[in-house]
Amino acid sequence: MKKLFVLLMSMVLCFSCVFSAYAAEGVREGGPSIEVEPTNPAGVEGPSIATEDELKKELDDLNNGIPNVSVEDMGSYIENKGNDVVHVLQIIGKYVCIAAFIICCFLALIGLIGNKRMFTGALIGLIISGVAYAGIVCGPTIVKWIANWAATT
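Since this is a predicted model, take the numbers as computed values, not measurements.

Visitor: An account of the overall build of the protein chain is needed here, citing residue identities and associated values.
Guide: In terms of regular secondary structure, the protein chain is built from five helices and zero strands. Starting at the N terminus, the α and β elements of the protein chain follow one another as α-α-α-α-α. Every one of the 153 residues in the protein chain was classed for burial, and the buried ones make up 7%. Surface summary for the protein chain: the accessible area is close to 14100 Å², and the carbon and sulfur share equals 69%.

As structure tokens, this is what we get:
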């Protein structure tokens, strides 16, 4: 009951800290600062009808800023970004495995002195972190080996 009361009081205190956010000085007020030209500057009544040549010229002007992209370009871009994500995950995984290995070394020392069950668990943790580190470092080679094996069978 006491823990529940402390939890509820801490939540009330956390949610009661409300801060007001104001805009910084010098923030522009009002509408857009770009003046829009009228669509019919000549003053002719009714909608203006553009010719086919004018429409093609406007379309060409719009397409000048857009690069031509093929499916191969898109595939190589996605492959590069995927490799970047895999590389970041490999870096994070390496350090996690190293940290787990160090923690398991300390646990193995403590288990060696006192508790044999802790020593066994730490030894299993050492093996798992070592195998995981090898899998992370040699991952592309392992995947290519498995793919070659699957293709030949």
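Visitor: Any chance you could break down helix α3 (residues 71-113) for me, citing the residues and the numbers?
Guide: Three- or four-residue spacings in an α-helix give side chains the same orientation, since the helix completes a turn every 3.6 residues. Across its 43 residues, α3 extends 62 Å between first and last C-alpha, which sits within 8% of the 63 Å expected from 1.5 Å per residue. What α3 keeps buried is the set G93, C97, C104, A108 and G111. Summarising the contacts, the buried residues of α3 are in contact with α4 (116-137).

Visitor: Tell me about the packing of α4 against helix α5 (residues 139-152), and name the residues and values.
Guide: Viewed as axis vectors pointing N to C, α4 and α5 meet at an angle of 80°, and their least axial separation amounts to 4 Å. When the axis of α4 is compared with that of α5, the two are roughly perpendicular. Here A134, G135, I136 and V137 of α4 lie close against α5, whose contacting residues are G139, P140 and I142. Each residue belonging to the contact of α4 with α5 can be placed in one class, and the counts come to five nonpolar, two polar and no charged.

Visitor: Any details on the side chain of S129? Residues and values, ideally.
Guide: When you line up the elements, S129 lands in helix α4. Overall, S129 belongs to the buried group, its relative accessible area being 7%. For S129, the residues in contact, after removing those within four places along its chain, are C97, A100 and F101.

Visitor: Mind laying out a nonpolar patch on the surface, listing which residues take part and the relevant values?
Guide: Judged by side-chain polarity, I91, Y95, I98, I102, F106, L109, Y133 and V137 come together as a nonpolar surface patch covering roughly 770 Å² of accessible area. Per-element tally for the nonpolar patch: the top contributor is α3, with six residues. By the element assignment, Y95 lies in helix α3.

How each quantity is defined
Residues numbered from 1 in each chain as written. Predicted model: local features only at pLDDT ≥ 70, side-chain atom pairs only at ≥ 80, totals over all residues. Heavy atoms only, no water. Helix = DSSP H or I, 4+ residues; strand = E, 2+ residues; numbered from the N terminus. Buried < 20%, exposed > 50% of the residue type's maximum accessible area, 1.4 Å probe, protein only. Areas by Shrake-Rupley, 256 points an atom, 1.4 Å probe, with all protein chains shown as cover. Expected span 1.5 Å × (residues − 1). Contact = heavy atoms within 4.5 Å. Axes fitted to C-alpha atoms, helices over the stretch in contact; angles between N-to-C directions. Parallel < 35°, antiparallel > 145°, perpendicular 65-115°, else oblique. Nonpolar A, V, L, I, M, F, W, Y, C, P; charged D, E, K, R; others polar. Patch = residues over 30% accessible without salt bridge, like charges linked within 9 Å, V, L, I, M, F, W, Y side chains within 5 Å. Salt bridge = Lys/Arg side-chain N within 4 Å of Asp/Glu carboxyl O.

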